[in-house]
Amino acid sequence: MCGIVGYIGNKEKKEILLDGLQELEYRGYDSAGIAIIEDKKLHHFKAIGKLQNLREKTKDYTSNGFGISIGHTRWATHGKPTKLNAHPHFGAYSYVVHNGIIENYQELKKELQSDGVTFLSQTDTEVIVHQFEKNLKTAKNSFEAFEKTVDELEGAYAILLVTKEERESIFFAKNGSPMLVG
Ligand code: GLU
């Protein structure tokens, strides 16, 4: 089981994400990562092992001003516990974190690959972000693209997605996994 945390606002985002993930540590994990979009800039950091390793990696970074942010502790189900397989997974301008399993990921992945998408990880999760960016090409807006993407997923999941195209929102969806919004 993993943990996911998201935050939108002006406060320093890195600390909020790391503290939030720490609260969820008891669930167990093998790697962790965070992504922050602020002022049109995308930042992400990943580390295998304990959250302390991620704290270490991010020690020279501080978020600045308003932004959107997501974080994840991973318990690998698809792909080894490596840095590349750690979440967040990214496309050209969006990030996703995910708890659970996407049952139909192979089918979606094949189709995306035949469209020319390159996958960096072995996870089931990575299809979500590429599928979202694919859907955004024809959707009216990011919300519609996210909704379509979620409709195409099978399995149990809690998902957070952020995109440079919509810099004041975190898109979320859940099916079977718990999620709290505050
Ligand atoms: N199935 C995803 C993966 O292997 C998410 C696992 C989790 O819930 O941490 O990366």
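Residues numbered from 1 in each chain as written. Predicted model: local features only at pLDDT ≥ 70, side-chain atom pairs only at ≥ 80, totals over all residues. Heavy atoms only, no water.

Caption draft 1: Region of interest: the packing of aromatic side chains. Scanning the model with the defined rule gives four aromatic pairs in all. Between Phe132 and Phe171, the aromatic rings sit 6.4 Å apart at their centres with planes inclined by 40°, giving tilted as the arrangement. Placement of the pair is Phe132 in helix 4 (residues 126-136) and Phe171 in strand 8 (residues 166-175), with a sequence separation of 39 residues. In terms of burial, Phe132 and Phe171 fall into one category: buried. Consider the rings of Phe146 and Phe171, whose centres lie 5.5 Å apart with planes at 40°: the pair is tilted. In this pair, Phe146 is assigned in helix 5 (residues 142-152) and Phe171 in strand 8, connecting sequence segments 25 residues apart. Note on accessibility: Phe146 and Phe171 belong to one class, buried. The rings of Phe132, Phe146 and Phe171 are connected pair by pair, giving a single aromatic cluster. (Phe/Tyr/Trp six-rings, centres within 6.5 Å; stacked < 30°, edge-to-face > 60°. Helix = DSSP H or I, 4+ residues; strand = E, 2+ residues; numbered from the N terminus. Buried < 20%, exposed > 50% of the residue type's maximum accessible area, 1.4 Å probe, protein only.)

Caption draft 2: Expanded view of the site of the ligand. Residues in close proximity to the ligand total 14 residues, the closest being Arg74, Thr77, His87, Gly100 and Asp124. Within the contact set of the ligand, a nitrogen atom lies 2.7 Å away from a side-chain nitrogen or oxygen of Thr77. In the model, an oxygen atom of the ligand is placed 3.1 Å from a nitrogen or oxygen of the His78 main chain. Summarising the interface, the protein chains cover 98% of the accessible area of the ligand, which totals 300 Å² for the free molecule. Using a 2 Å cut-off from the grid points, one finds that the ligand occupies the second largest pocket. At the level of elements, strand 4 (67-74) and strand 6 (94-102) are the ones that each hand at least two residues to the shell around the ligand. Take the shell around the ligand: its biggest share by element is three residues, from strand 6. (Near = heavy atom within 4 Å. Polar contact = N/O pair within 3.5 Å; in protein donor to acceptor, adjacent residues only side chain to side chain. Areas by Shrake-Rupley, 256 points an atom, 1.4 Å probe, with all protein chains shown as cover. 1 Å grid on protein atoms, 1.4 Å probe; cavity = no way out; pocket = protein on both sides within 12 Å on 5 of 7 lines; lining within 4 Å. Sits in = over half its atoms within 2 Å of the grid points.)

Caption draft 3: View of the nonpolar core. Formed by 21 residues in total, the largest nonpolar core has its most connected members in Ile102, Val127, Ile128, Phe146, Leu153, Tyr157 and Ile159. Broken down by secondary-structure element, the contributors of at least two residues to this core are strand 6, helix 3 (105-114), helix 4, helix 5, strand 7 (155-163) and strand 8. Each residue touching Ile102, except ones within four places of it in the same chain, is listed here: Asp124, Val127, Ile128, Leu153, Glu154 and Tyr157. Listed in part, the 14 residues of the second largest apolar core include Leu17, Leu18, Ala32 and Ala47. (Core = buried A, V, L, I, M, F, W, Y, C linked by side-chain atoms within 4.5 Å. Contact = heavy atoms within 4.5 Å.)

Caption draft 4: Spotlight on the pairing of strand 7. Of all nine residues making up strand 7, seven are buried, and the element is well covered by its neighbours. Looking at chain direction, strand 6 and strand 7 are connected through nine bridges and run antiparallel. In the strand pairing of strand 7, Val96 is matched with Leu161. Relative to strand 8, strand 7 runs antiparallel, the two being bridged by five bridges. Bridging across to strand 8, Leu160 finds its partner in Phe172. A loop of two residues connects strand 7 with strand 8, the two strands running antiparallel in sequence. (Pairing = 2+ DSSP bridges.)

Caption draft 5: The arrangement of the packing of helix 4 against helix 5 in detail. Relative orientation of the contacting elements helix 4 and helix 5 amounts to 130°, with a least axis distance of 8 Å. As the angle between them shows, helix 4 and helix 5 are arranged oblique. Note on packing geometry: the crossing formed by helix 4 with helix 5 is right-handed. Seen from helix 4, the contacting residues are Ile128, Gln131, Phe132, Asn135 and Leu136; seen from helix 5, they are Ser142, Ala145, Phe146, Lys148, Thr149 and Glu152. Class assignment for the residues of the contact of helix 4 with helix 5 results in five nonpolar, four polar and two charged. (Axes fitted to C-alpha atoms, helices over the stretch in contact; angles between N-to-C directions. Parallel < 35°, antiparallel > 145°, perpendicular 65-115°, else oblique. Left-handed = near helix turned anticlockwise from the far one by under 90°. Nonpolar A, V, L, I, M, F, W, Y, C, P; charged D, E, K, R; others polar.)

Caption draft 6: Focus on the sheet that holds strand 2 (residues 31-38). Across the sheet, which stays open at both edges, the four strands sit in the order 1-4-2-3 with antiparallel pairing between neighbours. Sheet topology places strand 1 (3-9) and strand 3 (41-48) at the edges, where each strand pairs with a single neighbour. Strand-to-strand twist across the sheet, computed as the mean angle between neighbouring axes with direction ignored, equals 10°. Across eight bridges, the pairing between strand 2 and strand 3 is antiparallel. Residue pairing for strand 3: Ala35 is matched across the bridge by His44.

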